[in-house]
Amino acid sequence: MECGVREAPLPPSESWGYFHAVWNRTVPGQVGSPHPVLSTSGRGKFVGCLLAVTGLDQSWWILESDETMTIDGAKEPQWKGTGLEDYFNGGWYYQNAHTQPLHGLLFKAPFRTVQYRFHFMDPVQFGKSFRMEFERGPGQRSKGWMESVGYYYLEEPVAVAAVSTEDRSMPEDPQAGRTLMQELHNLERLGDGRAAMDAIDTYLQRNPVVPFADVLHLRKWAYREHQGHVDQ
């Protein structure tokens, strides 16, 4: 016998708004300009973003990129941050990969990070327009790649700019050979064996002749065994 009360689903409400997401990429040659996460018009609310960074300066200096948010065309940003990693609730250049309900660091290896933050509990509301940007390091001087997905709701649905699939290829990382093991360790911390195997495959595709290839194949086999996918 089924217990409890079965409720009918809630009817649609105009107050919910329409969910939107927009992808942006900026490249090392755009030194001097900030990275735009979102620029939109209309009435709505900003609810978070995901940001991937690949620094080419041989340092974590790019994580000192302050974020700004400008609401309804104000002359000065109403939100001024104190550093990229501070915005994602992980100051001092982070420690290790971690995931939380509203923020997290999905990837860390010198000098790359992938991080997210959601404003579900503290949405940034706007009535006419909204713009969010990340500084490209102090004084816009850091060389590197930045890729982001901004999440927001609008009162009315609006088309976002189309992006060519050719523009979405992963940027080359000059440190890949030196940081692969740290990358794998962080993926292990997250319990993501599938991503660890993918990382090994990607590295070996780009570097098919390396002296430690057999070690990587053994590590991949261990991930498969841990996930119960090893053939008997």
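Look up a bit, the structure's there.
Here the structure is a predicted model, which is why all the values come from computation and not from measurement.

Some details on the sheet that holds strand 4 (residues 67–71)
A sheet is described by the order of its strands in space; here four strands give the open sequence 2-10-4-5, paired in antiparallel fashion. Each edge of the open sheet carries a strand with a single partner, namely strand 2 (35–41) and strand 5 (79–80). Alignment of strand 2 against strand 10 (residues 129–134), held across six bridges, turns out to be antiparallel. Counted as the bridge partner of S41 is S129 from strand 10.

A word on the pattern of salt bridges
The full count for this structure, using the stated rule, is nine salt bridges. Linking E155 and R43 is a salt bridge whose minimum nitrogen-to-oxygen distance equals 3.2 Å. Of this pair, E155 sits in the loop between strand 11 (144–154) and helix 2 (176–189) while R43 sits in the loop between strand 2 and strand 3 (44–55), placing them 112 residues apart in sequence.

A look at the pairing of strand 4
Across the five residues that make up strand 4, a large majority, four, are buried. Taken together, the five bridges between strand 4 and strand 10 define a ladder with antiparallel strand orientation. Its bridge partner being in strand 10, I71 is matched across the sheet by F130. Inspection of the sheet shows strand 4 paired to strand 5 by two bridges, in the antiparallel sense. Residue pairing across strands places M69 opposite W79, the latter belonging to strand 5.

Some points on the environment of P171
Relative to the helices and strands, P171 is located in the loop between strand 11 and helix 2. When its relative accessible area of 9% is taken as the criterion, P171 is described as buried. Separated by 46 residues in the primary sequence, P171 and H217 place their C-alpha atoms 24 Å from one another. In this structure, P171 is in contact with R25, T54, W145, E147 and R206, ignoring residues within four places of it in sequence.

A few points about the nonpolar core
Counting residues in hydrophobic clusters, the biggest one holds 26 residues, and the most contacted among them are F46, L84, F130, M132 and F134. When residues of this core are traced back to their parent elements, those giving at least two are strand 2, strand 3, strand 4, helix 1 (84–87), strand 9 (124–126), strand 10 and strand 11. Top element by residues in this core is strand 3. It accounts for four residues. If we ignore the near neighbours within four places in the chain, the residues touching F130 are L38, S39, T40, F46, M69, T70, I71 and V124.

Comments concerning the packing of helix 2 against helix 3 (residues 193–206)
Across the interface, helix 2 lies against helix 3 with an axial gap of 9 Å and an inter-helix angle of 165°. By the angle between their axes, helix 2 is roughly antiparallel relative to helix 3. As helix 2 packs across helix 3, the resulting crossing turns out to be left-handed. Facing helix 2, whose interface residues are A176, G177, L180, E183, L184 and L187, helix 3 presents A195, A196, A199, I200 and Y203.

About the criteria used
Starting afresh in each chain, residues are numbered from 1 along the sequence in its written order. Only residues with pLDDT of 70 or above have their local features reported here, since the model is predicted, and side-chain atom pairs are shown and tallied only from 80 upward, although totals for entire chains, interfaces and linings are computed over all residues. Side-chain measures here rest on the full set of heavy atoms in the structure, leaving out hydrogens and waters. In short, DSSP must find at least two bridges between two strands for them to pair. Only DSSP runs of H or I covering at least 4 residues are called helices, and only runs of E covering at least 2 are called strands; the numbering of each starts at the N terminus. Definition used for salt bridges: Asp or Glu carboxyl oxygen within 4 Å of a side-chain nitrogen of Lys or Arg. Buried residues are those whose accessible area, probed at 1.4 Å on protein chains only, stays under 20% of the maximum for their type, while exposed residues exceed 50% and partly exposed ones sit between those limits. The criterion used for residue contact is that any of the two residues' heavy atoms lie within 4.5 Å. Side-chain atoms within 4.5 Å are what join buried Ala, Val, Leu, Ile, Met, Phe, Trp, Tyr and Cys residues into a set we call a nonpolar core. Angular values range over 0 to 180 degrees, each being the angle between N-to-C directions of two axes fitted as lines to C-alpha atoms, with helices fitted over their stretch in contact. Here is the rule for angles: anything less than 35 degrees is roughly parallel, anything more than 145 is roughly antiparallel, 65 through 115 is roughly perpendicular, and the remaining ranges are oblique. Two helices that cross are described as forming a left-handed crossing if the nearer one is turned anticlockwise from the farther one by less than a right angle, and a right-handed crossing if clockwise.

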